[in-house]
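In case you want the letters, here they are:
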Amino acid sequence: MKKWFIASFALVALVAVAFVVVSSILLSPVFVFRILTQWDASTDDYRFFPSAVIAASENPHVYEYDLNPELADLPISYRTTGGQEVTTTLADFVESTGSTSFIIVQNDTVIYEQYANGSDRDSVHTSFSAAKSLVSLMIGRAIDDGYIESQHQSMADFIPEFSGTDMEHITIEDLLLMRSGIYYEETGFLWFRHDAYTYWMPNLRDLAIGHQRLTDRHEGRFHYNNYNPLLLGIILERSTGMSVSEYFEQSFWQPIGTKYDASWSLDSDRSQFEKMESGFNFRSIDLIRIGSMLLHDGYWNEQQIVSPEWIQASTVVDFPLNTDEYAGTFLEGLNIGYGYLWYSRPSDASGLDFWAWGRFDQILYVSPANDMVILRTGDTGGGVDNFSEVLADIIALID
């Protein structure tokens, strides 16, 4: 019996080692090592990946402060992912939902600022997929600067590797709208899944250019796909002649008057390509300036940073929604639309609110009708069923 157990264990171990070796050959030894040592994404991943520094502004903007201590006791009601109805105060909501920072700016004035769960004003936070909205802003700025003629251009105009293939029919706008038709599956066996590839692979450029499989399964409808922002990053590099980090620093981070350096995580030291799908790292009091800039139609810190036409094109979605567009996706039934890498919903006041949204509910929420921006970061989503809905309710209570 003992010999049988030892032999069985040895066989299982041998098969496991062989599987890891074959995976390393087929995919990448660095990729497999990262999967085995890290396995899942974390808010501390900015410490794991190499990164490019994005220098703070030499002309910093300083927010006015008029903190309202009564907001800490603002009654907050929300539904948990388990369906439970909870009522608490804003301060307790921030603490109990794993939030690390929570800032509210109204009329260009900070009216609420709270750090929790081991975080403070100097803490670095990571964007996860909220970075995609920054990619959208850079595409708009590249059009403003004349590097790109239009979002209606074929991506093959900038990535000639796609010329003469079916990929050349995909436009920049298709990538921005998550309607490219590029094959993408979030789930799969162990690490054989596109979510893992587009997060952990050490050469994301080669990954994106080499993945030329299309599908008509979604028939032009919304399908969330991390290859899209990677391809947009390559377009930005090749059109501007700069790295994404350099272009973002020059066009946004310095002009908005940031106080702190930021960084963008890279796929590897060798490739030096920004993790376009997720890897922007920041201090909260700086990132919220992006929201203030958007409230001013792209004008901030005495500069026109991005055109109001691009903000309109990026964030305005036609409501009522065509629900077929989102059937079978994580947005089904939520009355949330998707523009150029920004989410939108009808405002309780008028018009639309819009926001950048990343894993664990990293949210930069902008409400033009209420002249208000909220930034929430967290180590988890805190079991909240719909964080954007809670932020909209907070804005309605304050206004």
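Here the structure is shown first, and the text comes after it.
Just so it is clear, the model here is predicted, and its values are computed rather than measured. (Residues numbered from 1 in each chain as written. Predicted model: local features only at pLDDT ≥ 70, side-chain atom pairs only at ≥ 80, totals over all residues. Heavy atoms only, no water.)

### Here we look at the overall build of the protein
No. 1: Within the protein, the regular secondary structure consists of 13 helices and 16 strands.
No. 2: Expected size for 399 residues packed as a compact globule is a radius of gyration near 21 Å; at 22 Å, the protein falls within 12% of this value.
No. 3: Each of the three principal axes of the protein carries a C-alpha extent, and together these read 70 × 55 × 45 Å.
No. 4: For the protein, the proportion of contacts with a sequence separation of at least 24, taken over those separated by at least 6, is 67%.
No. 5: About 17200 Å² of surface is accessible on the protein, with carbon and sulfur atoms providing 51% of the total.
No. 6: Distance between charge centres in the protein, computed from 23 positive and 55 negative side chains, equals 12 Å. (Helix = DSSP H or I, 4+ residues; strand = E, 2+ residues; numbered from the N terminus. Rg over C-alpha atoms; globule rule 2.2 N^0.38 Å. Contact = heavy atoms within 4.5 Å. Areas by Shrake-Rupley, 256 points an atom, 1.4 Å probe, with all protein chains shown as cover. Lys, Arg positive; Asp, Glu negative; His and termini not counted. Charge placed at Lys NZ, Arg CZ, Asp CG, Glu CD.)

### A short note on unusual backbone geometry
No. 1: The linkage connecting Phe-319 with the following residue, Pro-320, adopts the cis geometry, with an omega of 0°.
No. 2: With respect to the helices, strands and loops of the structure, Pro-320 is situated in the loop between helix H12 (308–315) and strand E12 (337–338).
No. 3: Residues other than glycine seldom take positive phi values, yet Asn-107 does so here, at roughly 50°.
No. 4: Structurally, Asn-107 is set in the loop between strand E5 (99–106) and strand E6 (109–115).
No. 5: Judged by its relative accessible area of 47%, Asn-107 falls in the partly exposed class.
No. 6: Non-glycine residue Phe-360 carries a positive phi angle of around 60°.
No. 7: Relative to the helices and strands, Phe-360 resides in the loop between strand E14 (352–358) and strand E15 (362–367).
No. 8: Of the residues examined, Phe-360 reaches a relative accessible area of 23% and is grouped as partly exposed. (Buried < 20%, exposed > 50% of the residue type's maximum accessible area, 1.4 Å probe, protein only.)

### As for the packing of aromatic side chains
No. 1: In this structure the tally under the stated criterion is 34 aromatic pairs.
No. 2: When the centroid spacing of 5.7 Å and the interplanar angle of 80° are considered together, the rings of Phe-49 and Tyr-199 count as edge-to-face. Of the two residues, Phe-49 sits in the loop between helix H3 (45–48) and strand E1 (51–54) while Tyr-199 sits in helix H7 (residues 194–200), which places them 150 residues apart along the sequence.
No. 3: Its relative accessible area of 4% is what places Phe-49 among the buried residues.
No. 4: Note on Trp-253 and Phe-280: the rings are 5.2 Å apart at their centroids and 80° apart in plane angle, and the pair reads as edge-to-face. (Phe/Tyr/Trp six-rings, centres within 6.5 Å; stacked < 30°, edge-to-face > 60°.)

### So, the sheet that holds strand E9 (residues 280–282)
No. 1: As summarised here, the arrangement of the 4 strands in space is E1-E8-E9-E7, forming an open sheet in which the pairing is antiparallel. At either margin of the open sheet sits one strand with a lone partner, and together these are E1 and strand E7 (125–126).
No. 2: Summarising the sheet, E7 and E9 pair through 2 bridges and their orientation is antiparallel. In the sheet register, His-125 faces E9, and the bridge partner there is Phe-282.
No. 3: Lying on the sheet, helix H5 (residues 131–144) is in contact with strand E8 (262–265) and E9; it crosses E8 at an angle near 100°. (Pairing = 2+ DSSP bridges. Axes fitted to C-alpha atoms, helices over the stretch in contact; angles between N-to-C directions.)

### Digging into a nonpolar patch on the surface
No. 1: Residues Val-17, Val-21 and Ile-25 make up a contiguous nonpolar surface patch of about 300 Å² in total accessible area.
No. 2: Tracing the chain through its elements places Val-17 in helix H1 (residues 2–26). (Patch = residues over 30% accessible without salt bridge, like charges linked within 9 Å, V, L, I, M, F, W, Y side chains within 5 Å. Salt bridge = Lys/Arg side-chain N within 4 Å of Asp/Glu carboxyl O.)

### Some remarks on the environment of Asn-117
No. 1: Along the chain, Asn-117 turns up in the loop between E6 and E7.
No. 2: By relative accessible area, Asn-117 is classed as partly exposed at 36%.
No. 3: Taking the C-alpha atoms as reference points, Asn-117 and Val-94, separated by 23 residues in sequence, lie 9.0 Å from one another.
No. 4: Excluding its chain neighbours within four sequence positions, the residues that come into contact with Asn-117 are Val-94, Glu-95, Gly-98 and Ser-99.
No. 5: A polar contact of 3.2 Å, which involves the side chain of Asn-117, links it to the backbone oxygen of Glu-95. (Polar contact = N/O pair within 3.5 Å; in protein donor to acceptor, adjacent residues only side chain to side chain.)

### Here we look at the nonpolar core
No. 1: Of all hydrophobic cores here, the largest spans 124 residues; its most connected members are Leu-90, Ile-104, Trp-264, Phe-280, Met-293 and Ile-394.
No. 2: The biggest single contributor to this core is H5, with 8 residues. (Core = buried A, V, L, I, M, F, W, Y, C linked by side-chain atoms within 4.5 Å.)

### Overview of H5
No. 1: Between its first and last C-alpha atoms H5 spans 20 Å; for 14 residues at 1.5 Å apiece the expected length is 20 Å, and the two agree.
No. 2: H5 sits mainly inside the fold: 13 of its 14 residues count as buried.
No. 3: Gly-146, located one to two residues past H5, shows a positive phi value of around 85°. (Expected span 1.5 Å × (residues − 1).)

### Some details on the pairing of E6
No. 1: Taken across its 7 residues, E6 has 5 buried, putting it largely inside the fold.
No. 2: Where strand E2 (residues 64–65) meets E6, 2 bridges bridge the pair, whose relative direction is parallel. Residue pairing in the sheet places Tyr-65 in a bridge with Val-110 of E6.
No. 3: The sheet contact formed by E5 and E6 spans 6 bridges and is antiparallel. Opposite Ile-104, over in E6, you have Tyr-112 as the bridge partner.
No. 4: Adjacent in sequence and paired antiparallel, E5 and E6 are bridged by 2 residues, among which Asn-107 carries a positive phi angle near 50°.

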